[in-house]
Amino acid sequence: QVQLVESGGGLVQAGASLRLSCAVSGRTNSEYRMAWFRQAPGKDREFVGCITWGGGRTVYADSVKGRFTVSRDTLKNTVYLQMNSLKPEDSAVYFCAAGPMRIGFSFSRSLYDYWGQGTQVTVSS
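Along each chain, residue indices are assigned from 1 in the same order as the chain's sequence is written. Only residues with pLDDT of at least 70 are given local features in this predicted model, and only at 80 or more are side-chain atom pairs given and counted; all residues enter the totals for whole chains, interfaces and linings. To get the side-chain values, all heavy atoms of the structure are used, and hydrogens and water are removed first.

Thoughts on the environment of Gly-56
Point 1. As for its position among the elements, Gly-56 is in the loop between β5 (46–52) and β6 (58–60).
Point 2. A contact between two residues is defined here by any heavy atoms of the two lying within 4.5 Å. Apart from residues no more than four positions distant in its own chain, Gly-56 is found in contact with Ile-51 and Arg-72. The helix and strand labels rest on DSSP assignments: H or I over at least four residues marks a helix, E over at least two residues marks a strand, and numbering proceeds from the N terminus.

Right under this line is the structure:
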(Lines give C-alpha, C1' and ligand atoms only; values in the text may rest on other atoms or scores of the structure.)
Protein backbone atom coordinates (compact mmCIF):
# COMPACT_ATOMS: atom_id res chain seq x y z
CA GLN A 1 0.00 0.00 0.00
CA VAL A 2 1.04 3.56 -0.74
CA GLN A 3 -0.35 6.62 1.01
CA LEU A 4 -0.26 10.06 -0.59
CA VAL A 5 -1.03 13.34 1.14
CA GLU A 6 -1.08 16.61 -0.82
CA SER A 7 -0.54 20.06 0.62
CA GLY A 8 0.25 23.59 -0.51
CA GLY A 9 -2.91 24.59 -2.31
CA GLY A 10 -4.52 27.98 -1.90
CA LEU A 11 -5.86 31.13 -3.48
CA VAL A 12 -3.48 33.19 -5.60
CA GLN A 13 -3.68 35.88 -8.25
CA ALA A 14 -2.99 35.27 -11.90
CA GLY A 15 0.73 35.32 -12.64
CA ALA A 16 1.69 34.09 -9.19
CA SER A 17 3.51 30.91 -8.27
CA LEU A 18 2.58 28.06 -5.96
CA ARG A 19 4.30 24.84 -4.95
CA LEU A 20 2.35 21.72 -4.11
CA SER A 21 3.81 18.87 -2.11
CA CYS A 22 2.86 15.22 -1.98
CA ALA A 23 4.12 13.25 1.01
CA VAL A 24 4.61 9.61 0.08
CA SER A 25 4.57 6.72 2.53
CA GLY A 26 4.32 2.98 2.20
CA ARG A 27 5.76 0.66 -0.42
CA THR A 28 7.37 2.57 -3.25
CA ASN A 29 10.60 1.92 -5.08
CA SER A 30 12.59 3.18 -8.02
CA GLU A 31 10.19 1.44 -10.37
CA TYR A 32 7.31 3.74 -9.50
CA ARG A 33 5.89 6.60 -11.49
CA MET A 34 4.48 9.61 -9.61
CA ALA A 35 2.02 11.97 -11.22
CA TRP A 36 -0.08 15.06 -10.73
CA PHE A 37 -3.60 15.32 -12.09
CA ARG A 38 -6.19 18.06 -11.71
CA GLN A 39 -9.94 18.30 -11.88
CA ALA A 40 -11.99 21.44 -12.34
CA PRO A 41 -15.73 21.52 -11.55
CA GLY A 42 -17.73 19.75 -14.24
CA LYS A 43 -14.65 18.50 -16.04
CA ASP A 44 -12.78 15.23 -16.25
CA ARG A 45 -9.64 14.66 -14.22
CA GLU A 46 -6.73 15.55 -16.46
CA PHE A 47 -3.05 14.74 -16.47
CA VAL A 48 -0.65 17.53 -15.49
CA GLY A 49 2.76 15.89 -15.29
CA CYS A 50 4.68 12.93 -13.93
CA ILE A 51 8.12 11.81 -12.85
CA THR A 52 9.78 8.44 -12.47
CA TRP A 53 10.81 7.88 -8.88
CA GLY A 54 14.15 6.34 -9.72
CA GLY A 55 15.41 8.17 -12.79
CA GLY A 56 13.57 11.46 -12.40
CA ARG A 57 12.35 11.48 -15.99
CA THR A 58 9.45 13.88 -16.50
CA VAL A 59 6.52 14.21 -18.88
CA TYR A 60 4.12 17.18 -19.02
CA ALA A 61 0.77 18.06 -20.49
CA ASP A 62 1.02 20.63 -23.26
CA SER A 63 -1.16 23.05 -21.28
CA VAL A 64 1.45 23.37 -18.49
CA LYS A 65 4.70 22.76 -20.33
CA GLY A 66 7.19 25.53 -19.58
CA ARG A 67 5.21 26.76 -16.56
CA PHE A 68 4.98 23.74 -14.25
CA THR A 69 7.78 21.52 -12.97
CA VAL A 70 7.48 18.13 -11.29
CA SER A 71 10.32 17.06 -9.03
CA ARG A 72 10.95 14.57 -6.25
CA ASP A 73 13.09 14.32 -3.17
CA THR A 74 13.78 10.65 -2.55
CA LEU A 75 15.26 11.32 0.89
CA LYS A 76 12.17 13.20 2.04
CA ASN A 77 9.81 10.87 0.15
CA THR A 78 8.08 13.87 -1.33
CA VAL A 79 6.97 14.83 -4.82
CA TYR A 80 6.55 18.48 -5.76
CA LEU A 81 4.63 20.44 -8.36
CA GLN A 82 6.08 23.90 -8.88
CA MET A 83 3.52 26.06 -10.67
CA ASN A 84 4.58 29.38 -12.17
CA SER A 85 2.71 31.99 -14.22
CA LEU A 86 -0.60 30.64 -12.96
CA LYS A 87 -3.74 31.32 -14.96
CA PRO A 88 -7.40 31.25 -13.89
CA GLU A 89 -7.85 28.13 -16.02
CA ASP A 90 -5.35 26.35 -13.77
CA SER A 91 -7.93 26.48 -10.96
CA ALA A 92 -8.79 22.93 -9.93
CA VAL A 93 -8.34 20.30 -7.27
CA TYR A 94 -4.87 18.85 -7.74
CA PHE A 95 -4.27 15.18 -7.03
CA CYS A 96 -1.08 13.24 -6.49
CA ALA A 97 -1.01 9.72 -7.91
CA ALA A 98 1.39 6.78 -7.87
CA GLY A 99 1.74 3.49 -9.65
CA PRO A 100 4.35 0.91 -10.62
CA MET A 101 5.94 1.39 -13.99
CA ARG A 102 3.97 -0.47 -16.62
CA ILE A 103 3.37 -0.22 -20.32
CA GLY A 104 1.02 2.60 -21.28
CA PHE A 105 0.71 6.32 -21.75
CA SER A 106 1.86 8.24 -18.70
CA PHE A 107 -1.17 10.52 -18.95
CA SER A 108 -3.57 7.61 -18.51
CA ARG A 109 -5.33 7.46 -15.16
CA SER A 110 -5.41 3.67 -15.35
CA LEU A 111 -1.63 3.51 -14.82
CA TYR A 112 -1.95 4.84 -11.28
CA ASP A 113 -3.09 2.64 -8.42
CA TYR A 114 -2.90 5.12 -5.56
CA TRP A 115 -4.37 8.59 -5.19
CA GLY A 116 -4.29 11.35 -2.64
CA GLN A 117 -7.31 13.31 -1.44
CA GLY A 118 -6.44 16.41 -3.43
CA THR A 119 -5.68 20.03 -2.66
CA GLN A 120 -7.58 23.03 -4.02
CA VAL A 121 -5.84 25.62 -6.16
CA THR A 122 -7.76 28.76 -7.08
CA VAL A 123 -6.32 31.41 -9.36
CA SER A 124 -8.13 34.74 -9.48
CA SER A 125 -7.99 37.04 -12.49
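Remarks on the pattern of salt bridges
Point 1. Here, a salt bridge means any Lys or Arg side-chain nitrogen found within 4 Å of an Asp or Glu carboxyl oxygen. A complete count under the given rule lists five salt bridges for this structure.
Point 2. Lys-65 is the partner of Asp-62 in a salt bridge, and the nearest nitrogen-oxygen pair spans 3.1 Å. With respect to burial, Asp-62 and Lys-65 carry one shared label: exposed.
Point 3. Across the pair Asp-90 and Arg-67 runs a salt bridge, and its minimum N-O distance is 2.8 Å. Placement of the pair is Asp-90 in the loop between β8 (78–83) and β9 (92–100) and Arg-67 in the loop between β6 and β7 (68–73), with a sequence separation of 23 residues.
Point 4. Linked by salt bridges that have partners in common, Arg-38, Glu-46, Arg-67 and Asp-90 make up one network. Burial classification: accessible surface area is computed with a 1.4 Å probe over protein chains only, and a residue below 20% of its type maximum counts as buried, one above 50% as exposed, and the rest as partly exposed.

Let's talk about the pairing of β7
Within a regular beta strand, the side chains point alternately toward one face of the sheet and then the other, so they alternate between its two faces.
Point 1. Pairing of β7 with β8 involves six bridges; the strand directions are antiparallel. Bridging from a neighbouring strand, Asp-73 pairs with Thr-78 of β8.
Point 2. Here the rule is simple: two strands pair whenever DSSP picks up at least two bridges between them. Between β7 and β8, which pair antiparallel one after the other, the connecting turn spans four residues, and Asn-77 there sits at a positive phi close to 50°.

Observations concerning the nonpolar core
Point 1. By convention a nonpolar core is built from buried Ala, Val, Leu, Ile, Met, Phe, Trp, Tyr and Cys residues, the set being connected through side-chain atoms within 4.5 Å. Formed by 37 residues in total, the largest nonpolar core has its most connected members in Leu-4, Trp-36, Val-79, Leu-81, Met-83 and Tyr-94.
Point 2. Leave out the neighbours within four places in its chain, and Leu-81 touches Leu-18, Arg-19, Leu-20, Trp-36, Val-48, Phe-68, Thr-69, Val-70 and Tyr-94.

Focus on the state of the cysteines
Point 1. Cysteine sulfurs are considered disulfide-paired once they come within 2.5 Å of each other. Inspection of the entire model under this criterion finds one disulfide.
Point 2. Linked covalently through their sulfurs, Cys-22 and Cys-96 form a disulfide whose S-S length is 2.1 Å. In this structure the cystine formed by Cys-22 and Cys-96 twists about its S-S bond by roughly -85°; its chirality is therefore left-handed. Placement of Cys-22 in strand β3 (residues 18–26) and of Cys-96 in strand β9 is noted, with a sequence separation of 74 residues between them.
Point 3. We classify Cys-96 as buried; its relative accessible area is 0%.

Some details on the sheet that holds β7
Point 1. The antiparallel open sheet is built from four strands, whose spatial order is β1-β3-β8-β7. Looking along the sheet, the strands with just one partner apiece sit at the ends: β1 (2–7) and β7. The sheet shows a mean angle of 20° between the axes of neighbouring strands, taken without regard to direction.
Point 2. As paired elements, β3 and β8 share six bridges and run antiparallel to each other. Bridging across to β8, Cys-22 finds its partner in Val-79. Working convention: axes come from line fits to C-alpha atoms, limited for helices to the stretch in contact. Angles between N-to-C directions cover 0 to 180 degrees.

Note that all results are geometric; they support no functional claim without further evidence.
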